[in-house]
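The lines below spell out each chain.
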Amino acid sequence: MIHQNSKEEEIHEKLVKEVAEDLIQEHRRGRTNCEDCIGHRYDMHVGIYAAIVTSRKLAQETGKKIYYSVASYLEKIYREEYNL
């Protein structure tokens, strides 16, 4: 019975990557509420770092495993990408 429940709680790696990528892209868009401003994009490292902060906050507020998994995945790629 325990084994069956743990299987149901597992988060598929593909879903984690999709959510992480969506968060990164959302933060890279750099939306502003300025009618005269031309849209811009932030660098990838800014997008990844902002996505880490967001996923950590979501994990704390919701307690959902997906956000803990996303935060861990983002932290891993951030360390690997920027040799930290």
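Residues numbered from 1 in each chain as written. Predicted model: local features only at pLDDT ≥ 70, side-chain atom pairs only at ≥ 80, totals over all residues. Heavy atoms only, no water.

A. Spotlight on the packing of helix H2 (residues 13–28) against helix H3 (residues 44–62). Relative to each other, H2 and H3 sit at 120°, their axes nearing to 8 Å. What the angle tells us is that H2 and H3 run oblique. Relative to H3, the crossing made by H2 is right-handed. Residues Leu23, Ile24, His27 and Arg28 of H2 form the contact with H3, whose own contacting residues are Met44, Gly47, Ile48, Ala50, Ala51, Thr54 and Ser55. Across the contact of H2 with H3, the residue classes tally to six nonpolar, four polar and one charged. (Axes fitted to C-alpha atoms, helices over the stretch in contact; angles between N-to-C directions. Helix = DSSP H or I, 4+ residues; strand = E, 2+ residues; numbered from the N terminus. Parallel < 35°, antiparallel > 145°, perpendicular 65-115°, else oblique. Left-handed = near helix turned anticlockwise from the far one by under 90°. Contact = heavy atoms within 4.5 Å. Nonpolar A, V, L, I, M, F, W, Y, C, P; charged D, E, K, R; others polar.)

B. A look at H3. Its 19 residues give H3 an end-to-end C-alpha distance of 26 Å, which sits within 8% of 27 Å, the value for a rise of 1.5 Å per residue. Looking at H3, one finds that the buried residues are Gly47, Ile48, Ala51, Ile52, Ser55 and Ala59. Buried positions in H3, seen along its axis, are confined to an arc of 140° and lie on one side of it. Those residues of H3 that are exposed and angled more than 90 degrees off the buried face are Gln60 and Glu61. Within two residues after H3, Gly63 carries a phi angle of roughly 70°, on the positive side. (Expected span 1.5 Å × (residues − 1). Buried < 20%, exposed > 50% of the residue type's maximum accessible area, 1.4 Å probe, protein only. Arc of directions from axis to C-beta.)

C. Expanded view of the pattern of salt bridges. Per the stated rule, a full pass over the model turns up four salt bridges. Close ionic contact of Glu26 with Arg29 constitutes a salt bridge, the shortest N to O distance being 2.6 Å. Among the residues examined, Glu26 registers a relative accessible area of 37% and is labelled partly exposed. Relative accessible area serves as the criterion here: at 36%, Arg29 is assigned to the partly exposed category. The shortest N-O distance in the salt bridge between Glu75 and Arg56 comes to 2.8 Å. Of this pair, Glu75 sits in helix H4 (residues 65–81) while Arg56 sits in helix H3, and the two are 19 residues apart along the sequence. (Salt bridge = Lys/Arg side-chain N within 4 Å of Asp/Glu carboxyl O.)

D. Representation of the packing of aromatic side chains in the model. Per the counting criterion, the structure on display carries two aromatic pairs. Consider the rings of Tyr78 and Tyr82, whose centres lie 5.2 Å apart with planes at 50°: the pair is tilted. Connected via pairs of aromatic rings, a cluster forms that spans Tyr49, Tyr78 and Tyr82. (Phe/Tyr/Trp six-rings, centres within 6.5 Å; stacked < 30°, edge-to-face > 60°.)

Fair warning: the whole summary comes from geometry, so function is off the table for now.
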